[in-house]
Amino acid sequence: MEESSRMFRRIYGYCERGFLPGGDADAFWAEPLNAITNASFIIAAALTLVLAIRLRRMDGPNIWLITVTFAVGVGSFLFHTYAMVWAAILDTTPIMIFILSYFAISMNRFAGYGWLKSLMLMVAFLAAMIGASWVLNTFLRDIIGGSVSYVPALMALAMVGLWLRLLGQPAGNWLMVVAVIFAASLTARALDRPLCAHFLIGTHWLWHVLNGVVLGTLIVAVIRHGRVDPHPG
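Note that the structure is a prediction, hence the values are computed from the model and not measured.

Some details on the pattern of salt bridges
Side chains carrying opposite charge are able to pair once their charged atoms draw close together.
So, point 1. Per the counting criterion, the structure on display carries four salt bridges.
So, point 2. Each of Arg57, Asp59 and Arg109 takes part in a single network of salt bridges with overlapping partners.

Examining the side chain of Ser118
So, point 1. Locating Ser118 in the fold gives a position in helix 6 (residues 115-144).
So, point 2. Not counting the four nearest positions on each side in its chain, Ser118 is found in contact with Ala104, Met107, Asn108 and Tyr113.

Describing the nonpolar core
So, point 1. Core analysis: the largest hydrophobic core is formed by 46 residues, its most contacted members being Phe98, Tyr102, Phe110, Leu175, Phe182 and Leu218.
So, point 2. Counting only elements with at least two residues in this core, the list comes to helix 3 (39-54), helix 4 (60-82), helix 5 (85-109), helix 6, helix 7 (151-166), helix 8 (171-190) and helix 9 (204-225).
So, point 3. Not counting residues up to four positions away in its chain, the partners in contact with Tyr102 are Leu65, Phe110, Leu175, Leu218, Ile219, Ala221 and Val222.

Side note on the packing of aromatic side chains
So, point 1. Taken as a whole, this structure holds twelve aromatic pairs when the rule is applied.
So, point 2. With 5.3 Å between their ring centres and 80° between their planes, Phe28 and Trp29 make a pair best called edge-to-face.
So, point 3. On the basis of relative accessibility, which here comes to 33%, the residue Phe28 falls in the partly exposed class.
So, point 4. Judged by relative accessible area, which is 47%, Trp29 ranks as partly exposed.
So, point 5. Consider the rings of Tyr82 and Trp86, whose centres lie 5.3 Å apart with planes at 50°: the pair is tilted.

Observations regarding unusual backbone geometry
So, point 1. A positive phi angle, near 60°, is found at Arg56, a position not held by glycine.
So, point 2. Given a relative accessible area of 78%, Arg56 falls into the exposed group.
So, point 3. In this structure, Ala83 is a non-glycine residue whose phi angle is positive, near 50°.
So, point 4. Residue position: Ala83 is located in the loop between helix 4 and helix 5.

Topic: the environment of Leu121
So, point 1. Relative to the helices and strands, Leu121 resides in helix 6.
So, point 2. Overall, Leu121 belongs to the partly exposed group, its relative accessible area being 28%.
So, point 3. Put simply, Leu121 and Leu100 are 21 residues apart on the chain and 10.0 Å apart in space, counted from C-alpha to C-alpha.
So, point 4. Not counting residues up to four positions away in its chain, the partners in contact with Leu121 are Phe103, Met107 and Tyr113.

The rules we used
- Along each chain, the written sequence defines residue order, and numbers are assigned to residues from 1.
- Reporting in this predicted model follows two pLDDT cut-offs: at least 70 for local features of residues, and 80 or more for side-chain atom pairs to be given and counted; totals over whole chains, interfaces and linings ignore these cut-offs and use all residues.
- Computation of side-chain values covers all heavy atoms of the structure but excludes hydrogens and water.
- By definition here, a salt bridge exists when the distance from a side-chain nitrogen of Lys or Arg to a carboxyl oxygen of Asp or Glu is within 4 Å.
- By the criteria applied, helices consist of DSSP H or I runs no shorter than four residues and strands consist of E runs no shorter than two, each listed in order from the N terminus.
- Should any heavy atoms of two residues lie within 4.5 Å, those residues are considered in contact.
- The definition of a nonpolar core used throughout is a set of buried Ala, Val, Leu, Ile, Met, Phe, Trp, Tyr and Cys residues joined through side-chain atoms within 4.5 Å.
- In this scheme, a residue with accessible area under 20% of its type's maximum is buried, one over 50% is exposed, and one in between is partly exposed, where area comes from a 1.4 Å probe on protein chains only.
- When the centres of two rings from Phe, Tyr and Trp lie within 6.5 Å, Trp using its six-membered ring, the rings pair. Their planes under 30 degrees apart give stacked, over 60 give edge-to-face, and anything left gives tilted.

Below you can see the structure in the form of C-alpha cells.
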C-alpha cells in the first residue's frame, strides 16, 4: 500500500508548475509549454520515419530508434501533465534506453563492430556513465541540479563524435554538431529553476524542443551514414 501511494506522489520539479499567475500546481495543464513541446519528439520520430522509408532504410535498429523517440515524447508528456512518480519513470526510462541503444548502434553502424562487441561496449559505457554521474554529483549537483545525470551522455557524444571524425566516418561531424545542440539543451534544463523568479514559464520547454532536434538528427545520421554490418558477432 505504501509503495502504491509513493508511485502517485506529486513531483513539483519545474518552474512552470504552479508558478504561473492563478495557476493550479496539481492541474493536468499546470505545465502547458513543458507538455506541448513534447511534440518535438513526435515530429522527430515522424520525419525520420519518412526519411527511412524514402531511403529504404527501414531496418531493425532504425525502426527501434524511431520507436524509442516516439516513446520519449509520450513519456515526457505524461510526466509534465500528471507529474507523479509513475509518470517520471515513464519519462526517464525511454531516454536512458535511447542513450544506450544509440551507443550500441553507433558502435555497429559507424565504427563497424559486430553486435556482440557493440553490446559489450554498451555495458561498459553504462558502467562508465554510472561512475561518472557519481563523481560529477559531488562537484556539480549544487550548480546544475538533476541535469548533472546527463553530463556523461554529453561527454560521450562529443568524444565519440571526435573519434569517428578522426576515423574519417562522416557521422562524426554530425555527432559533434549534435553535442553542441545538446549542450545548449542541457543548459536550458539546468537554468529552469534558477531563472524562475524572473522567467515564470521557465526554460525546461527549450530542453524538449532542442532535444527533439538532437534525437532526430542522431537518427538521420544513422540512416544516412550507418553501415549494415554483415557479421553477427
